[in-house]
Amino acid sequence: MGLGSPITRGPFGAAGWVGSIVRRMDWLSTAAIGLLMICGLGMAWINARSYGQELFDLSSIFLRSIIWLSLSVATFSIVTAINWRWIRTFAWPLYGANLLLLIATLIFGQDSGGNSRAIAVFGIAIQSSEIAKILTLVALATVLTRESAEADTLSNTLLGSLVVAPPFALVAIQPDAGTALIIAAALFGGLLLSGAATRWIAGLAGLGVLLLPLIWAFLIADYQKERLIAFIDPNADPAGPKYQLEQALTAIRSGGLFGIGFDGTGGINPLPVQESDFVFAALVRSFGLVGGLLVIGLIGLLVARLIWHAWESPDSFGTVLGGGLAAIILFQGGVNIAMNLGAAPITGIPLPFVSYGGASAISLAFGLGLVQSHRVHQGGGA
Amino acid sequence: MSSTQIYKRPLRYLVAAVFTALLSGLLSARLIAVEVGGGGASSRDFNTLADGHRVIEEVIAPPRGLILDRTGRILAENIATYAVQIRPGDLPLTIRPQVVKTLGEILQIDPVKITMTLDRATGSIWEPVRIASVVDERVTRFIEEESAALPGVEVIFEPRRQYPYGELISQVIGYVGRIDALELSALSSAGYNELDYIGRAGVEQSYEEALRGEPGIRQVEIDVQGRIVRELGVTKTPIAGKSVVLTIDIAAQQRAFDALAWGVKAAGNKEGVVTSVNPQNGEIIAMASLPTYDNNLFASGITTAQYQKYLNNKNAPLLNHAVGSHFPPGSTYKLVTYSCALENRVVGVDETLVTPAYLEVGGQKFYEWNRAGFGRRLTPAQGFSYSSAVITYQLAQRLKIDRLAACGRAWGFGEPTGIDLPTEIGGVVPDQNWARTTISRTLYDGEVLQSALGQGYDLATPLQVMNSFAALANGGTLWQPHVVLELRNPDGTLAETITPVEKGRVGMRAATLAEMRRAARLVVANSAMTRNLGQIPLNLTGKTGTAEYGVRDKQGRLPYHNWISGFVAPTDDWSKTDADFAYVVFMHGSNTAANAAIEVLKRYLQLQYDLKRDYRIPGSMSIGNYYGE
């Protein structure tokens, strides 16, 4: 089968073990992840200065980014090193714990930007929806890889949908329509690449379309409707999203070819939520067209490598995981950048690793680490 | 090896890969389009907003440039002040009386006055109404703390002009004032708005364009009522005005001012001018005019009563008398008559002329100023030093009026000198043409004689008189006097040097001018006329003047002004043209026992040249009946 012999602690001991991991890892995607994290760190530095923060104060976005990204690198490395099969055995407890966290968020959730998305754990606001999208994907990959699974059966598609439905619903009523859509995209990507029958995927999509009016009526908050209207209707109230968008476009235009660099950012007016939603506009302002194209390229490369991993994978777990993660990152990156460019409605979807956010970075690192683990620890059956 | 059935469908992978590539490509294309095209539908639609909201461009006033003296001391600067205003639209009528009462207590203004101000305001209810200017910062903090109880009351920051030297140099500096409707309609295209300040006098007015800088523009969104909903960003940052550096050193100004202030106090005449200039380039050294005014009062919003007081003062404190008033120049004008006669060779340098007690012209007796004559024949230079009227009459008779007037104009009389200060006037040089158009007849012979004396219809500003002696000193060049040396950028770098402009040349032979310089020295040296003036250890020249004006008193005497103008040369070689100091002293209506201007000049020279000895003669400033010269 695929990628050589199973890893064992061979004659070279621990060094040989690390060496074989390093050899089997996908270094293109790892490099893309690393560069995106560096972009995130650079933007955190600029944003902290732009908001007038002390760089090395514990409240500064910069120091916090260093901490979160370090934890993300650690998560990525550890998960890569551990055999994915062992992690898979925790898929259901993690899934269950995540559902509990989502329910807790609904009950005790803190107001973070107008809705109850975060919950405080040990004083740190955790965005449970960010964790949900990865853990749901892991559970999905697990359920689609079970002993009796047959990819193109109705039961397989239904089972996958049933696993995704509870976290989807819990996230949607937070309300966080953006993340809910990401979870749906993960399901879609996983099913598509793991070979689910076209008719069932189409049926699922049709169901989603039928549910749209209901979602609009009950699950989309007023401010989200306003954003959508602002995107569709050019005469919408310029007080809100329209203004943010105009500022983002102005910032992008001011970037030019190479941007105004690190130095010019000290006295500049911050964009609205430039550490997350509008991080791309702020990035282009600082690093210009070149910086913007680099980030688009990195996202594209990462997605392409994940699709390649799904294609190469000898088992359904890798296919679903790769396809789902590809969908998540493509959706997040695409929507976030398109929104910054005025080509998509404003949603609170972060740009992977570049936007500031601990939960998002760590859970993505977890998912991507699992993909690496799946490459590294080949053989021995699924 | 896996028990799971995997169906890899290559087409789906292809579609996924192509979709990823396509999306990346589209996003890149869009990024480039936004960057290059400035685009997107959103930008275009921004001008047509819902609910009648409009995006308008608002002017951001640039910080006004400073005015500095020649050594860099600040003469006009911008300080921060606070003003209190009410936006009527934000103040519900039901609670207005309470709010007005509270605000009145805080500001110590009669609430009735505030109510009246609000009721009198025209325009949109969202337009702020000014309640108080230059409010103490502590008071504004109090208002801000009470803001919940004072809806619609706003404290705004306002830069204001401050003049550290006030009335010492206010005549030159001028002041700024709120733009009025007429100016606004003329200047709105230059970016002025109704809240703008504009230079109203002096350098503030004449260098308005440089001092003002370039206004910035910001986009704001306004609703139907014209109320600003939100600021959308600055599209053009304002550029601060340039600083104006004067040719005047404030210490030199102080010396001229002090000498003049002493003079008008001693003589009790209230009005006068002391000005000096560098004859080599037209740079004004000092320019004092009394009475003066405090331009700081204008900067902080002058009260109507104070303004009326200035306007009603018959000595016109708001006017810079050096450039804005003209008077009969008296015998200082003999520079024109004598040089004209020598130049036209109607008299020889060594020719002697008779000095009887009077000359009879057209059946009328024109007396020598001492009514006795000098009892001997005098050369033109000697006649000049005695300020002989009868010799002047004889020269005028030989010259005729039109030739005399042409010489007057050649010396710069009859039109403004072109100094870089506003409201300069040109004086009058009468000739037959002027007479025909102005008084509808030709001049009588007697009037011609008076014109040769700087009396009658002759009128000149102190600056013109000084400029004629400056031209004498430098060999015949009429520089445009200027009070501004250079303009500096906000960062202190040189922006522009004001180069001296030659307004014209006197156009007389060097020998004529040298003879007149020698004659002007004789005036100072003639102790019979100017007493101890010649003892001052300077190569001082000058010509005194006493000019009658106005209405005769009961004894048939006219009030009179005193003049002296001349220059100080480095050496007593009068063929040279290298003097760097020319002056004029004018004492309006002095009526003193001796020439008051001479006494003021002595004081000025003592201060200017740091002379130990005081040459002023006690008693010469007492009220007298001095019909000197």
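Cut-offs and rules
Counting starts from 1 at the beginning of each chain's written sequence and moves along it residue by residue. By the order in which they are written, chains take letters starting at A while ligands take numbers starting at 1. In keeping with the predicted nature of the model, local features appear solely for residues at pLDDT of at least 70, side-chain atom pairs appear and are counted solely at 80 or more, and the whole-chain, interface and lining totals rest on all residues. Secondary structure is summarised from DSSP: a helix means a run of H or I of at least four residues, a strand means a run of E of at least two, and numbering begins at the N terminus for each. In this scheme the burial state of a residue depends on its C-beta neighbours within 10 Å: 20 or more other such atoms mean buried, 12 or fewer mean exposed, and anything in between means partly exposed; the C-beta positions come from the backbone. Our contact criterion uses C-beta atoms placed from the backbone: two residues qualify when those atoms are within 7 Å. For every residue, the predictor assigns a confidence score, pLDDT, that lies between 0 and 100. Any two strands between which DSSP finds at least two bridges are classified as paired. Angles here are taken between N-to-C directions and fall from 0 to 180 degrees, while the axes themselves are lines fitted to C-alpha atoms, restricted in helices to the stretch in contact. Angles are sorted into four bins: roughly parallel if under 35 degrees, roughly antiparallel if over 145, roughly perpendicular if 65 to 115, and oblique for all others. Helix crossings are classified by the rotation of the near helix relative to the far one: an anticlockwise turn of less than a right angle makes the crossing left-handed, while a clockwise turn makes it right-handed. By the convention adopted, Pro, Cys, Tyr, Trp, Phe, Met, Ile, Leu, Val and Ala count as nonpolar, Lys, Arg, Asp and Glu as charged, and the other residues, Gly among them, as polar.

Colleague: I keep staring at the overall build of chain B and nothing clicks. Help me out?
Modeller: When helices and strands are tallied, chain B shows 23 helices and 22 strands. For chain B, buried positions account for 44% of its 629 residues. The long-range fraction of contacts in chain B, counting pairs at least 24 apart against all pairs at least 6 apart in sequence, stands at 73%.

Colleague: Quick question: what am I supposed to make of the overall build of chain A here?
Modeller: Helix and strand counts for chain A stand at 14 helices and three strands. Looking at the 382 residues of chain A, the share that counts as buried comes to 53%.

Colleague: What is the right way to read the confidence of the model for chain B from this model?
Modeller: In low-pLDDT segments, the atomic positions of the prediction should not be examined closely. In this model, chain B carries an average pLDDT of 88, and 93% of its residues clear a pLDDT of 70 or more. Across the predicted assembly, pTM comes out at 0.59 and ipTM at 0.85.

Colleague: Would you mind going over the pairing of strand β12 (residues 283-290) of chain B with me for this structure?
Modeller: Sheet faces and side chains relate simply in a regular strand, where the side chains alternate between the two faces. All names here are of chain B. Counting buried positions along β12 yields eight of eight residues, so the element is predominantly enclosed. As judged from the seven bridges shared by strand β11 (residues 272-278) and β12, these two strands associate in the antiparallel manner. Bridged to Ser276 within β12 is Ala286. Hairpin connection of β11 to β12: four residues between the antiparallel strands, including Gly282 at a positive phi of 80°.

Colleague: I tried to follow the environment of B:Gly177 on my own but got confused; where do I start?
Modeller: All names here are of chain B. Here Gly177 lies in strand β6 (residues 176-178). For Gly177, a count of 19 C-beta atoms within 10 Å translates into the label partly exposed. Between the C-alpha atom of Gly177 and that of Phe298, which follows or precedes it by 121 residues, the distance is 6.8 Å. Dropping the residues within four chain positions of it, Gly177 is found in contact with Tyr197, Ile198, Arg200 and Phe298.

Colleague: What am I meant to see in helix α19 (residues 445-452) of chain B here?
Modeller: The α-helix advances 3.6 residues per turn, and as a result positions three or four apart in sequence lie on the same side. Residue and element names in this part refer to chain B. Buried within α19 are the following residues: Val448, Leu449, Gln450, Ser451 and Ala452. Buried residues along α19 sit against α14 (334-343), β13 (358-361), β14 (364-367), α16 (389-399) and α17 (401-410). Positive phi appears at Gly454, one or two residues downstream of α19, with a value of about 70°.

Colleague: Teacher, can you tell me more about unusual backbone geometry here?
Modeller: It is generally the case that most residues other than glycine have a negative phi and that most peptide bonds are trans. In this chain, B:Leu290 is followed by B:Pro291 through a cis amide linkage whose omega measures -5°. The backbone phi angle of A:Phe353 is positive, close to 65°, even though this residue is not glycine. With respect to the helices and strands, A:Phe353 occurs in the loop between α13 (316-340) and α14 (358-376). With a phi close to 70°, B:Lys270 is a non-glycine residue in the positive phi region. As for its position among the elements, B:Lys270 is in the loop between α10 (250-267) and β11. Here B:Lys270 falls in the partly exposed class, since 15 other C-beta atoms lie within 10 Å of it.

Colleague: Looking at this model, I keep getting lost on the pairing of strand β17 (residues 494-497) of chain B. Mind explaining?
Modeller: Residue and element names in this part refer to chain B. Bridge count between strand β16 (residues 484-488) and β17: three bridges; the pairing is antiparallel. Residue pairing across strands places Arg488 opposite Leu494, the latter belonging to β17. In this structure, the hairpin formed by β16 and β17 is closed by a connection of five residues, where Gly492 is found at a positive phi of approximately 95°.

Colleague: Any chance you could explain the confidence of the model for chain A here in plain terms?
Modeller: Counting all residues, the mean pLDDT for chain A is 79, and 78% of those residues have values of 70 or more. In this model residues 1-5 of chain A is a low-confidence stretch, pLDDT under 50, and it forms 10 contacts with partners more than four residues away in sequence or in other chains.

Colleague: What exactly am I supposed to notice about the environment of B:Ala510 here?
Modeller: As for its position among the elements, B:Ala510 is in helix α21 (residues 510-525). Each C-alpha atom, one on B:Ala510 and one on B:Leu472, is 9.9 Å from the other, the two residues being 38 residues apart in sequence.

Colleague: What am I meant to see in the environment of B:Lys503 here?
Modeller: All names here are of chain B. One can find Lys503 in strand β18 (residues 502-505). In this structure the C-alpha to C-alpha distance between Lys503 and Gly412, which are 91 residues apart in sequence, comes to 8.6 Å. Apart from residues lying up to four places away in sequence, Lys503 is in contact with Gly412, Thr417, Gly418, Leu478, Trp479 and Gln480.

Colleague: Just to check I follow, could you spell out α17(B) for this structure?
Modeller: Taken together, the buried positions of α17(B) are occupied by B:Ile401, B:Leu404, B:Ala405, B:Cys407, B:Gly408 and B:Ala410. On its buried face, α17(B) is in contact with α14, α16, α18 (432-438) and α19 of chain B.

Colleague: Please explain the packing of helix α3 (residues 61-81) of chain A against α14(A) as it appears in this structure.
Modeller: Each pair of packed helices gets described by two things: the angle between the helix axes and the distance between those axes. Residues and elements named next belong to chain A. Remark: α3 packs on α14, axes separated minimally by 7 Å, with the N-to-C direction vectors making an angle of 20°. Judged on the interaxial angle alone, α14 and α3 are roughly parallel. The two elements α3 and α14 meet at a crossing, and its hand is right-handed. Listed contacts from α14 to Trp68, Leu69, Leu71, Ser72, Thr75, Phe76, Val79 and Thr80 of α3 are Gly358, Ala361, Ile362, Ala365, Phe366, Leu368, Gly369, Leu370, Gln372, Ser373 and Val376. Residue composition of the contact of α3 with α14, by class: 12 nonpolar, seven polar and no charged.

Colleague: Could you clarify how one ought to interpret the packing of helix α2 (residues 27-50) of chain A against α3(A) in this entry?
Modeller: All names here are of chain A. Orientation of α2 relative to α3, taken along the N-to-C sense of each, is 165°, at an axis distance of 8 Å. It follows from the interaxial angle that α2 and α3 lie roughly antiparallel. Crossing hand, α2 versus α3: right-handed. Of α3, the residues touching α2 (which contributes Met37, Gly40, Leu41, Ala44, Trp45, Asn47 and Ala48) are Ile61, Phe62, Ser65, Ile66, Leu69 and Ser72.

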